[in-house]
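Given next are the chains, with one letter for each unit.
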Amino acid sequence: MGKDTFYTFRQKLFLRSVLLLGIFLFAAKTNVYSQHIRDRSVSGIVVDETGQPLPGAHVKQVLVSEGESIASVATDINGHFRLTVRGNTEYLEVSFIGYDTKNVQLNDNESYQITLQPTAELLTEIVVTGYQTLSRERVTGSFTKVNSEKLELKSPNSLSNLLEGEIAGYNRGLIRGTTSMRGMTTPLYVVDGFPVENTRYSSDGYYRLEELLPDMNIEDIDNITVLKDAAAASIYGARAANGVIVITTKKAARGETRISLSSNLTVSPYRHYTGNLANAAIMVDIEREWAANNPNLQGSNVQSYAESLLSRAVYNSDGIRTLLKGYAGQMSQQQVDATLLDLSSRGYRYYDDVEKYAKRDAVIQQYNLSLSKGTEQNQFNASLTYRNDRLSDIHSGNESVGVNIFNRTDFGDKIRLELGTWLNFGSGKTQTYSPLSPGYNYLPYNYLMNNDGSHFTRVVADRTSESYQQTLNQYGLYNMDITPLDEIGMNHRKSKDFSSRSFARLSLQFTPWLK
C-alpha cells in the first residue's frame, strides 16, 4: 500500500467518525428535549358572569404546532374540569352555547377560574309586543321578528312585499289563513304601540268591509314583530285573533344628527302567459271539426239551419260564423277557405295586441328624505316620501306624498312625552275597462288594431240577433258597437285621498319595574 493511499484511507475514516459522532449528539439532544417537555395537569371551574357554574362547557388545548394531538374535556355538573396537556401548551380555549368563546393563557398555576360572558347578539334579542318590550325567553307565544338588518337587504315597494318570504305562513296579507267567512281575516297592525285600523268599504260595488294596510313610509320601519297565536288576544282582545303585526319605526340616536336620501325603482314587465292556451290554428281546427261532426249541417236542410243560427247569433266566433255563411250560401267555398286560413295564421294576435296597445310595464318610483337629531333629553325624526306608480293598465296610475314627524322628550328620569303624526296626500286614476273583458267573446285570432292602423270595432251585428237589432233601431236606442281601444281611454275613475294618523303618549315611571 503506497503512502498516498494510506493517508487517503485515514482521511475517510476520520470523516466517518465525525459524522457518526454528530448523529449521536443530535439524537441525544433531541431525547433530552423531549424528556424536558413533560405533560402537565390543568384544572379549574367555568362560571358565567354571575358566578354560577356552567356544566357541559367545552375546554380544549390550543395547538402550538401542526400535527399535534388535541386534548379536550367537558365540565361536570358543577362546572369543574381537569385536563392533561403538553408542557409547552400556552392557551386553553373555553366555549359554551350562548356565550363568547374565551382563550385562557396558562401560567405556573394549576387551577383556574374562567368566567364567560353572554353573547351580545342574544342580549339584544328582544320582542316588541306593542305595549312592552320583552326578552325572548320571557315570551310564551309564537312570534317572528324581522330586524333592521334584513329590512336593509330588501327594497320593497309595499308593506305586503316586505313581509313576503320573511314571515312563515304569511300569504296575501293573512297570517293564520282564512279565519272567517264574512268577518275580518286580516291581522291587526300596531305602529309604535298604537293599533292602526284602515277599514273601508270595498270599491267593487258590493260594499264589503275590507282592511287595508296602514299608510306609512316603508323606509321609516326599523323592525317588525309578528305575534301569531292566540296569546296575542290577552293583549289586544278578539281583534288579535288573526294575528298581530307590530311595527317599530326608526328613532334618532342620542348625540347624532343624520340626513339621508334614498330612492327605489321597481319595474314589473307585463307578459300574458299563453303557454296553456290554444293558438289560432288549434281553434280553427276545432271549429272545422265541430262543423264536420254536426249532423244538422248535413242533408237537405243545411242552408236553412245555417241561416237560423246566423240570424239568432247563436255562435259569435269568427271561425264558426264563416263556416255557417258558407253553408248558408252567403260565401263561396273558396272565400271560406281563404278566411279560415287567414284566421289560423294569427297565432296569439289578440293577446299580442293587448300587450302592445292596452298594457305596459309597471314602474313604481319612490323617493325618501329623512332627518333625525338626538340629544340626551330629546329625539326628533322627520321624513318626506314621494311615490309615483305607473300601473300595467295604460291609463292607470297614482301618486302620493307622505310626511311623518315624531318627537320624544324626556323630563328627567321619570317622565317621557311622545308626539307623532303621519299625513298622506294622494291622487290616482283607475282604468275601469279591461280589454281582457271587452264585453264580447274573443279568441286568439281576434285583434284590437286593424291592419290600416284604425281601432277595431266589434259591431252589434256580429254578436247579437236580428230581432235584437230591430229593437234597437225601432226605439232609437244607443249604438252598442264596441271599440276596445276607445273604451280604455274613456272609462276612468279618478280619486283624491287624504289620511292622517296622530298620537300623543305620556309615560310615567313610578318604580324601575313599573311604568
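Residues numbered from 1 in each chain as written. Predicted model: local features only at pLDDT ≥ 70, side-chain atom pairs only at ≥ 80, totals over all residues. Heavy atoms only, no water.

## Digging into the overall build of the protein
And then number 1: For the protein, the helix and strand inventory stands at twelve helices and 22 strands.
And then number 2: Relative to its full complement of 515 residues, the protein shows a buried share of 36%.
And then number 3: Restricting the contact set of the protein to residue pairs at least 6 apart, pairs at least 24 apart contribute 64%.
And then number 4: When the accessible area of the protein is evaluated, it comes to approximately 31,400 Å², of which 53% is carbon and sulfur surface. (Helix = DSSP H or I, 4+ residues; strand = E, 2+ residues; numbered from the N terminus. Buried < 20%, exposed > 50% of the residue type's maximum accessible area, 1.4 Å probe, protein only. Contact = heavy atoms within 4.5 Å. Areas by Shrake-Rupley, 256 points an atom, 1.4 Å probe, with all protein chains shown as cover.)

## Considering the confidence of the model for the protein
And then number 1: Per-residue pLDDT for the protein has a mean of 81; in total, 76% of the residues score no lower than 70.
And then number 2: Counting interchain partners and residues more than four positions distant, the pLDDT-below-50 stretch residues 1–7 has one contact.
And then number 3: Under a pLDDT of 50 for its full length, residues 24–36 has, in the predicted model, zero contacts with residues more than four places off or in other chains. (pLDDT = per-residue confidence, 0-100.)

## What to know about the sheet that holds strand β22 (residues 492–508)
And then number 1: Strand order across the open sheet formed by six strands is β17-β18-β19-β20-β21-β22, with antiparallel pairing between neighbours. Every interior strand has two partners, whereas the edge strands, β17 (257–268) and β22, have only one. Within this sheet the neighbouring strands show an average axis-to-axis angle of 5 degrees, counted without direction.
And then number 2: Pairing analysis gives twelve bridges linking strand β18 (residues 362–374) to strand β19 (residues 378–390), with the strands arranged antiparallel. Residue pairing across strands places L371 opposite A382, the latter belonging to β19. (Pairing = 2+ DSSP bridges. Axes fitted to C-alpha atoms, helices over the stretch in contact; angles between N-to-C directions.)

## Concerning the packing of helix α6 (residues 280–292) against helix α9 (residues 333–344)
And then number 1: Closest axis-to-axis distance for the α6/α9 pair is 7 Å, and the angle between their directions is 145 degrees. Contacts between α6 and α9 involve A280, A281, V284 and R288 from the first element and D337, L340, L343 and S344 from the second.
And then number 2: Here the contact of α6 with α9 is composed, by residue class, of five nonpolar, one polar and two charged. (Nonpolar A, V, L, I, M, F, W, Y, C, P; charged D, E, K, R; others polar.)

## Here we look at the side chain of D410
And then number 1: Turning to its location among the elements, D410 is positioned in strand β20 (residues 397–411).
And then number 2: With sequence-adjacent residues up to four places away left out, D410 is seen in contact with R254, E376, Q377, I415 and R416.

## Describing a nonpolar patch on the surface
And then number 1: A contiguous nonpolar surface patch, about 980 Å² in accessible area, is contributed by I259, L261, Y367, L369, L371, L384, Y386, V401, F425 and F498.
And then number 2: Those elements that provide at least two residues to the nonpolar patch are β17, β18 and β19.
And then number 3: Here F425 falls in the partly exposed class, since its relative accessible area comes to 43%. (Patch = residues over 30% accessible without salt bridge, like charges linked within 9 Å, V, L, I, M, F, W, Y side chains within 5 Å. Salt bridge = Lys/Arg side-chain N within 4 Å of Asp/Glu carboxyl O.)

## A few points about the pattern of salt bridges
And then number 1: One pass over the structure, following the stated rule, counts 14 salt bridges.
And then number 2: Between D361 and R271 there is a salt bridge, with its nearest N and O atoms 4.0 Å apart. Of this pair, D361 sits in the loop between α10 (349–358) and β18 while R271 sits in the loop between β17 and α6, placing them 90 residues apart in sequence.
And then number 3: Exposure remark for D361: the relative accessible area of 30% places this residue in the partly exposed category.
And then number 4: Residues E418 and R408 are paired through a salt bridge, measuring 3.8 Å at the closest nitrogen-oxygen approach.

## Considering the sheet that holds strand β7 (residues 111–115)
And then number 1: If you trace the three strands from one edge of the open sheet to the other, you get β4-β1-β7, paired in mixed fashion. Of all the strands in the sheet, just β4 (80–85) and β7 have a single pairing partner and so form its edges. Between one strand axis and the next, the sheet turns by 30 degrees as a mean value, whatever way the strands run.
And then number 2: Summarising the sheet, strand β1 (residues 40–47) and β7 pair through five bridges and their orientation is parallel. Directly across from S43, in β7, lies its bridge partner S111.

## Here's the deal with α6
Residues separated by three or four positions in an α-helix point in the same direction, a consequence of the helix having 3.6 residues per turn.
And then number 1: The end-to-end C-alpha distance of α6 is 18 Å, a good match for the 18 Å that 13 residues give at a rise of 1.5 Å each.
And then number 2: Where the residues of α6 are buried, they touch α8 (318–327) and α9.
And then number 3: Looking at where α6 begins, the residue whose side-chain oxygen comes 3.3 Å from the main-chain nitrogen of A281 is N279. (Expected span 1.5 Å × (residues − 1). Polar contact = N/O pair within 3.5 Å; in protein donor to acceptor, adjacent residues only side chain to side chain.)

## Some remarks on unusual backbone geometry
And then number 1: With a phi angle near 50 degrees, A313 is a residue other than glycine that sits in the positive phi range.
And then number 2: Along the polypeptide, A313 turns up in the loop between α7 (302–311) and α8.
And then number 3: Of the residues examined, A313 reaches a relative accessible area of 11% and is grouped as buried.

## Observations concerning the pairing of strand β11 (residues 188–191)
And then number 1: Burial along β11 is two-sided: L188 and V190 facing one way and Y189 and V191 facing the other are all buried.
And then number 2: As paired strands, β11 and strand β16 (residues 244–249) are joined by four bridges and run parallel to one another. Counted as the bridge partner of V190 is V246 from β16.
And then number 3: As paired strands, β11 and strand β12 (residues 194–196) are joined by three bridges and run antiparallel to one another. Considered in β12, the bridge of V190 is made with P195.
And then number 4: What sits between β11 and β12 in their antiparallel hairpin is a turn of two residues, with D192 showing a positive phi close to 55 degrees.

## Notes on the nonpolar core
And then number 1: Membership of the largest hydrophobic core comes to 19 residues, with the highest contact counts inside it found for L324, L340 and Y445.
And then number 2: Counting only elements with at least two residues in this core, the list comes to α6, α7, α8 and α9.
And then number 3: Among all residues touching L324, those that are not within four sequence positions of it are W290, L297, A306, L309, L310 and Y315.
And then number 4: Of all hydrophobic cores here, the second largest spans 17 residues; its members include L54, Y99, V104 and L106. (Core = buried A, V, L, I, M, F, W, Y, C linked by side-chain atoms within 4.5 Å.)

## Focus on the environment of N109
And then number 1: Its place among the elements puts N109 in the loop between β6 (102–105) and β7.
And then number 2: Judged by its relative accessible area of 43%, N109 is partly exposed.
And then number 3: Each C-alpha atom, one on N109 and one on V42, is 8.2 Å from the other, the two residues being 67 residues apart in sequence.

## Some words on the packing of aromatic side chains
And then number 1: Under the criterion given, the structure shown has nine aromatic pairs.
And then number 2: Ring geometry for Y350 versus Y351: centroids 6.2 Å apart, planes at 90 degrees, classification edge-to-face.
And then number 3: Relative accessible area serves as the criterion here: at 0%, Y350 is assigned to the buried category.
And then number 4: Among the residues examined, Y351 registers a relative accessible area of 12% and is labelled buried.
And then number 5: Grouped by ring-pair contacts, the aromatic residues Y350, Y351 and Y442 constitute a single cluster.
And then number 6: Taking NZ or CZ as reference, K251 lies 4.8 Å from the ring centre of F406, over its face.
And then number 7: Looking at R349, its charged tip hangs above the ring of Y447, at a distance of 4.4 Å from the centre. (Phe/Tyr/Trp six-rings, centres within 6.5 Å; stacked < 30°, edge-to-face > 60°. Lys NZ or Arg CZ within 6 Å of the ring centre and 35° of its normal.)

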